[in-house]
Protein chains: 2
Amino acid sequence: MINAHTGPQPADFADVRATNLAVVLRFVRDNAPCSRADIAASTGLNKATVSSLVADLIERRLLKETGLTENRVGRPATMLMLDGSPYAAVGIEVNVDYLTAVAVDLAGTELLSWRRAFPGATATPPQAIAAVAALARRVLGRMGKESRRVLGLSVAVPGLVDLGGCVRVAPNLGWRDVDLAGDLTKALRDPGFPVLVDNDGNLGALAEHRFGGSGGAANLVYLTGEVGVGAGVLMDGRLRRGGAGFAGEVGHIQIDPAGPRCRCGRHGCLEAVAGVGAVLRRTAPDATPAELEPEVDEVVRLARGGDAETLRSLESIGGDLGRGLAILANLLNPDVIVLGGYYVPLGEWMLPAARAELARGSVAPAGGGVRVEISALGHGAAALGAAARLLDSIDSGRLPA
Amino acid sequence: MINAHTGPQPADFADVRATNLAVVLRFVRDNAPCSRADIAASTGLNKATVSSLVADLIERRLLKETGLTENRVGRPATMLMLDGSPYAAVGIEVNVDYLTAVAVDLAGTELLSWRRAFPGATATPPQAIAAVAALARRVLGRMGKESRRVLGLSVAVPGLVDLGGCVRVAPNLGWRDVDLAGDLTKALRDPGFPVLVDNDGNLGALAEHRFGGSGGAANLVYLTGEVGVGAGVLMDGRLRRGGAGFAGEVGHIQIDPAGPRCRCGRHGCLEAVAGVGAVLRRTAPDATPAELEPEVDEVVRLARGGDAETLRSLESIGGDLGRGLAILANLLNPDVIVLGGYYVPLGEWMLPAARAELARGSVAPAGGGVRVEISALGHGAAALGAAARLLDSIDSGRLPA
């Protein structure tokens, strides 16, 4: 059958223009302040093309001239930097014990970052949608006051999200087949921008790639480290979602057939042996999800004080985590695995054992070069990544109309 | 720092031409025989551009006119199909118990497929290189007699191959840091075409993608099923190699901490619990690698005859394999996992238990839609994939000079 949708699509001159707009935009993002001549010299585009592209980007207020001139021999040059000030991208994360909201401008500058407690484990999906919509409306109100145009809202959820934005299963929220994108669009009364839904691990990985400390590694795995343990898998610079969008479910990989029962009903899952629940089960057996943050603070306090039992627990759980990391290293050979969420405060005492287990379990010499690092982004990562997902589309040359 | 190598590269008109040549070539591959008008209608390229692209491809003997005309209303049209007859791509696989060689033309038609016993477990690297070079020379001689230009030689190895073609570790061959690409180029006295080296799982995945029964699934994992168990991971239509090229080492993922010792020195690796070695350990404990094929034949004979002990063993090993497949399903959510090598003759009795374990261990409903299939390519897959790797570069528009 002859079908326009088989195989790669042809390139035309509009594609060339979009690609080159993206090249200029990303070059300025990485190198600002810089001149038109710098852009031409480094990208291989000719000066006339660069001038035309820059004019287009300035007109859409994606670039601006800084008025600065570089200290150089010869004529002074007008320097460029990112603008993007009239726009905003909004990300919200729903999790078991909190909601977060982040808004960024197109330069990636944070416009707001809010976090509030939220009873995710007990709220029904309609209650959760109402809470997310209320939070979104407050963010939109704020952006409106700042005369910013909102380019989109993207929501992070700790669960399996299909390619249409439907949450198929979110074990720790107790959700099944929730059309979050559709319901939220209705609750916001068709706000005139796209509402996207994605897995929190995927969005955390995007945030790490763009804003994290790993230098934009092209092969990166991000572990969420919340009540659930999910992952986002970035290979060759792009998020890899798998055939149905369910890739990255590292939390339910079986680490030990004889291990404890997981909330998903299986035994010895990574989440059950090395998630924050496993930590608290040993150190604070009566904690409930709503009390997670103070309980984790207490564990940190004990560890800082050198409490032997706490240190032993964290080391042992770090080793179990490392066995999961070895699976990631063997299968994906990322440049870096970044630990987020509650692994950020707890990682200091888990990392040595985790790294040792990764090296031991990796068939490639020296762990295949895989680094293990603690995220600098904390619990805001997924919401930040939700906003970053919207910036990625601008960066690929799909400019706002 | 301003650096020409940061960020994406700009597109220019040469890229557009290459992209469009690739679009036409792949369209004809998928839809031949077809006319220039069909290509224009389905790709969106205008007719003048299509005529110019087709002329270029005919001149390089990548396409040819078949002389047929389609049964249609209006003027008869000249139909096109792939040619590529003056070219050959050569693939060779080195494994523990055999060498294979495959040559294909640019249409993917097999020109030769040879297999011979080879003592890979005991041969030294220089002996192996000499044997591969001798086999390569015979293939090159045959291609010369057919007046075909060899576009490249690509070699598959069951081990960790770095991005420069050096075999870092091949546990079942006993190799460490063997510069196979370099040594082979020397042994062939600079043959005037590229010599590439890659992991057998990677190349098997390429072969499955192009020639296998899975309909060109964009997200595909191929398991080698030889003495070692390796994987090639294809996501979003491309092989994903990881940061250092070591992705896909599924064979050394720990399935059971209490499991048997693996040849890599660890315990309970997938290869140790569910590789062909695990099968023979139960059914033919005295087999050596040189005797693998007849021993596997004997297992198949017993299974066919309904031998209860053999069937029980294969079912149990199938279950262990399925626990490994569940890890792949959770982490990568491929469209399909294809089992190759010795899993081809043995799969019939292992698959039901393997599929059941995959479904049980997958957090996504219905195993996330992951299919598990037996390869139709058999032991020739890696060598065929090695040749296919060379075709892929033509298909992406990098035409022979």
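Residues numbered from 1 in each chain as written. Chains lettered and ligands numbered in written order. Predicted model: local features only at pLDDT ≥ 70, side-chain atom pairs only at ≥ 80, totals over all residues. Heavy atoms only, no water.

1. A word on the overall build of chain A
(1) Moving on: In terms of helices and strands, chain A carries twelve helices and 16 strands.
(2) Moving on: On C-alpha atoms alone, chain A measures out to a radius of gyration of 23 Å, which is about the 21 Å that the 2.2 N^0.38 rule sets for 401 residues.
(3) Moving on: Taken over the C-alpha atoms alone, chain A extends approximately 70 × 60 × 50 Å along its principal axes.
(4) Moving on: Residue pairs in contact within chain A that sit at least 24 positions apart in sequence constitute 64% of those at least 6 positions apart. (Helix = DSSP H or I, 4+ residues; strand = E, 2+ residues; numbered from the N terminus. Rg over C-alpha atoms; globule rule 2.2 N^0.38 Å. Contact = heavy atoms within 4.5 Å.)

2. Quick word on the domain arrangement of chain A
Residue and element names in this part refer to chain A.
(1) Moving on: The domains assigned to chain A are domain 1 (13-82), domain 2 (87-204 + 382-395) and domain 3 (213-376).
(2) Moving on: Tallying the contact residues gives 21 residues for domain 2 and 22 residues for domain 3.
(3) Moving on: Carbon and sulfur atoms supply 51% of the area that domain 2 and domain 3 bury against each other, a total of about 1,700 Å² over both sides.
(4) Moving on: Area buried by domain 2 at its contact with domain 3 is led by D97, N172 and N202, which between them contribute 31% of it. (Domains from an automatic or database assignment. Buried area = accessible area lost by both parts, 1.4 Å probe.)

3. Overview of the UniProt feature "domain: HTH marR-type" (unreviewed entry) in chain A
(1) Moving on: UniProt tags residues 24-64 of chain A as "domain: HTH marR-type" (unreviewed entry).
(2) Moving on: For residues 24-64 of chain A, helix accounts for 71% and strand for 10%, while the C-alpha atoms at its two ends are 13 Å apart. (UniProt positions renumbered as here; feature names shortened; annotations may be inferred.)

4. A short note on the relation of the copies chain A and chain B
(1) Moving on: Under the fitted operation, chain A is carried onto chain B by 0.1 Å of movement along the axis and a turn of 180°, and the coordinates agree to an RMSD of 0.1 Å. Here the two chains are linked by the operation of a two-fold rotation axis. Minimal C-alpha distance to the rotation axis in chain A is attained by A:D256, lying at 3.4 Å.
(2) Moving on: By residue overlap, the copies meet face to face through one surface: 98% of the interface positions of chain A are interface positions in chain B. (Least-squares fit on C-alpha atoms with pLDDT ≥ 70 in both.)

5. Thoughts on the pattern of salt bridges
All names here are of chain A.
(1) Moving on: Enumeration according to the criterion identifies 32 salt bridges over all chains in this entry.
(2) Moving on: A salt bridge links R323 to D320; its shortest N-O distance comes to 3.5 Å. Here R323 and its partner D320 are both found in helix 10 (residues 308-332), three residues apart, which amounts to about one turn of the helix. The pair formed by R323 and D320 is uniform in burial state, with each residue classed as buried.
(3) Moving on: Each member of the salt-bridge network shares a partner with another, and the members are R17, D56 and R60. (Salt bridge = Lys/Arg side-chain N within 4 Å of Asp/Glu carboxyl O. Buried < 20%, exposed > 50% of the residue type's maximum accessible area, 1.4 Å probe, protein only.)

6. A few points about unusual backbone geometry
(1) Moving on: Here the amide bond leading from A:A32 into A:P33 is cis, since omega sits at -5°, within 30 degrees of zero.
(2) Moving on: Within the secondary structure layout, A:P33 lies in the loop between helix 1 (13-31) and strand 1 (34-35).
(3) Moving on: The phi dihedral of A:N333 falls on the positive side, at around 45°, and the residue is not glycine.
(4) Moving on: As for its placement among the helices and strands, A:N333 is situated in the loop between helix 10 and strand 15 (336-339).
(5) Moving on: On the basis of relative accessible area, A:N333 is assigned to the buried category, the value being 0%.
(6) Moving on: Unlike most non-glycine residues, B:R61 shows phi in positive territory, near 60°.
(7) Moving on: With respect to the helices and strands, B:R61 occurs in the loop between helix 3 (47-59) and strand 2 (63-65).

7. A closer look at the sheet that holds strand 14 (residues 238-239) of chain A
Residue and element names in this part refer to chain A.
(1) Moving on: Taken together, five strands build an open sheet; the order of strands is 14-13-12-15-16 and the sheet is mixed. Whereas interior strands pair on both sides, the edge strands pair on one side only; in this sheet they are strand 14 and strand 16 (371-374).
(2) Moving on: Sheet topology note: the strand 13 (residues 231-235)/strand 14 ladder contains two bridges and is antiparallel. By the bridge assignment for strand 14, L234 is matched with L239.
(3) Moving on: The sheet contacts of helix 6 (residues 200-211) involve strand 12 (220-223), strand 13, strand 14 and strand 15, and relative to strand 13 the element is tilted by about 50°. (Pairing = 2+ DSSP bridges. Axes fitted to C-alpha atoms, helices over the stretch in contact; angles between N-to-C directions.)

8. Focus: the environment of A:T109
(1) Moving on: Its place among the elements puts A:T109 in the loop between strand 5 (98-104) and strand 6 (110-117).
(2) Moving on: Residues A:T109 and A:A88, spaced 21 residues apart in sequence, show a C-alpha to C-alpha distance of 9.6 Å.

9. A closer look at the pairing of strand 11 (residues 195-199) of chain B
Residues and elements named next belong to chain B.
(1) Moving on: The element strand 11 is largely enclosed, with a buried count of four among its five residues.
(2) Moving on: Note: strand 7 (residues 149-157) against strand 11, five bridges, orientation parallel. Along strand 11, the bridge assignment pairs L153 with V195.

10. A look at helix 3 (residues 47-59) of chain A
All names here are of chain A.
(1) Moving on: Spanning 13 residues, helix 3 covers 18 Å between terminal C-alpha atoms, matching the ideal 18 Å at 1.5 Å per step.
(2) Moving on: Of the residues making up helix 3, those classed as buried are V50, L53, V54, D56 and L57. The buried residues of helix 3 occupy one face: seen down the axis, they fall within an arc of 160°. Seen from the buried face of helix 3, the exposed residues on the opposite side, beyond 90 degrees, are K47, A48 and E59. (Expected span 1.5 Å × (residues − 1). Arc of directions from axis to C-beta.)

11. Focus: the side chain of B:S375
Residue and element names in this part refer to chain B.
(1) Moving on: The residue S375 is located in the loop between strand 16 (371-374) and helix 12 (381-395) in this model.
(2) Moving on: A polar contact of 2.5 Å, which involves the side chain of S375, links it to the side chain of E208.
(3) Moving on: Among the polar contacts listed, one links the side chain of S375 to the backbone nitrogen of L377, at a separation of 2.9 Å.
(4) Moving on: Leaving out residues up to four positions away in the same chain, S375 has contacts with E208, Y222, V338, L339, G340 and V344. (Polar contact = N/O pair within 3.5 Å; in protein donor to acceptor, adjacent residues only side chain to side chain.)

12. Considerations on the packing of helix 8 (residues 276-283) of chain A against helix 10 of chain A
Residue and element names in this part refer to chain A.
(1) Moving on: Two elements in contact, helix 8 and helix 10, have axes separated by 10 Å at closest approach and are oriented at 150°. The orientation of helix 8 with respect to helix 10, classified from their angle, is roughly antiparallel. At the point where helix 8 passes helix 10, the crossing takes the right-handed sense. Contacts between helix 8 and helix 10 pair A278, V279 and R282 from the former with S313, L314, S316 and I317 from the latter.
(2) Moving on: Broken down by class, the residue content of the contact of helix 8 with helix 10 amounts to four nonpolar, two polar and one charged. (Parallel < 35°, antiparallel > 145°, perpendicular 65-115°, else oblique. Left-handed = near helix turned anticlockwise from the far one by under 90°. Nonpolar A, V, L, I, M, F, W, Y, C, P; charged D, E, K, R; others polar.)

13. Section: the nonpolar core
Across soluble globular proteins, you tend to see nonpolar side chains buried next to one another.
(1) Moving on: Counting residues in hydrophobic clusters, the biggest one holds 164 residues, and the most contacted among them are A:L223 and B:L223.
(2) Moving on: Other than its neighbours up to four places away in sequence, B:L223 contacts B:V229, B:G230, B:A231, B:V250, B:L321, B:L325, B:L328, B:I337, B:V338, B:L339, B:G340 and B:Y343. (Core = buried A, V, L, I, M, F, W, Y, C linked by side-chain atoms within 4.5 Å.)

14. Overview of the side chain of B:E357
Residues and elements named next belong to chain B.
(1) Moving on: As for its position among the elements, E357 is in helix 11 (residues 343-361).
(2) Moving on: Taking the relative accessible area as the measure of exposure, E357 reaches 18% and is therefore buried.
(3) Moving on: Ignoring anything within four residues of it in the chain, the contact list for E357 reads G319, G322, R323 and A326.

15. A closer look at helix 12 of chain B
(1) Moving on: Between the first and last C-alpha of helix 12 of chain B there are 20 Å, a value that for 15 residues agrees with the 21 Å anticipated at 1.5 Å per step.
(2) Moving on: Note on helix 12 of chain B: the residue one or two positions beyond its end, B:G397, has a positive phi of about 100°.

16. Quick look at the packing of aromatic side chains
Residue and element names in this part refer to chain B.
(1) Moving on: By the definition in use, this model includes zero aromatic pairs over all chains.
(2) Moving on: Over the aromatic face of Y98 sits the side chain of R115, whose NZ or CZ is 4.1 Å from the ring centroid.
(3) Moving on: A cation over an aromatic ring shows up here: R138 above the ring of W114, its NZ or CZ 4.6 Å from the ring centre. (Phe/Tyr/Trp six-rings, centres within 6.5 Å; stacked < 30°, edge-to-face > 60°. Lys NZ or Arg CZ within 6 Å of the ring centre and 35° of its normal.)

17. Section: the interface of chain A and chain B
(1) Moving on: On the chain B side, the residues contacting the 62 residues of chain A number 61 residues.
(2) Moving on: In total, chain A and chain B occlude about 5,200 Å² of area from one another, counting both sides; carbon and sulfur atoms represent 62% of this.
(3) Moving on: Along the contact surface separating chain A from chain B lie two salt bridges.
(4) Moving on: One salt bridge connects B:D236 with A:R240, and the closest N-O pair in it is separated by 2.8 Å.
(5) Moving on: Applying the counting rule to chain A against chain B returns 22 residue pairs in polar contact (both at pLDDT 80 or more).
(6) Moving on: Looking at the side of chain A that touches chain B, the elements with two or more residues in it are helix 1, helix 2 (36-43), strand 9 (167-170), strand 13, helix 10 and helix 11 (343-361) of chain A.

18. What to know about the pairing of strand 6 (residues 110-117) of chain B
Successive side chains on a regular strand alternate, one facing one side of the sheet and the next facing the other.
All names here are of chain B.
(1) Moving on: Examined bridge by bridge, strand 5 (residues 98-104) and strand 6 share seven bridges and lie antiparallel to one another. Within strand 6, the position partnered with A103 by the bridge is L112.
(2) Moving on: Taken together, strand 5 and the strand that follows it, strand 6, pair antiparallel across an intervening segment of five residues, in which G108 is found at a positive phi of about 85°.

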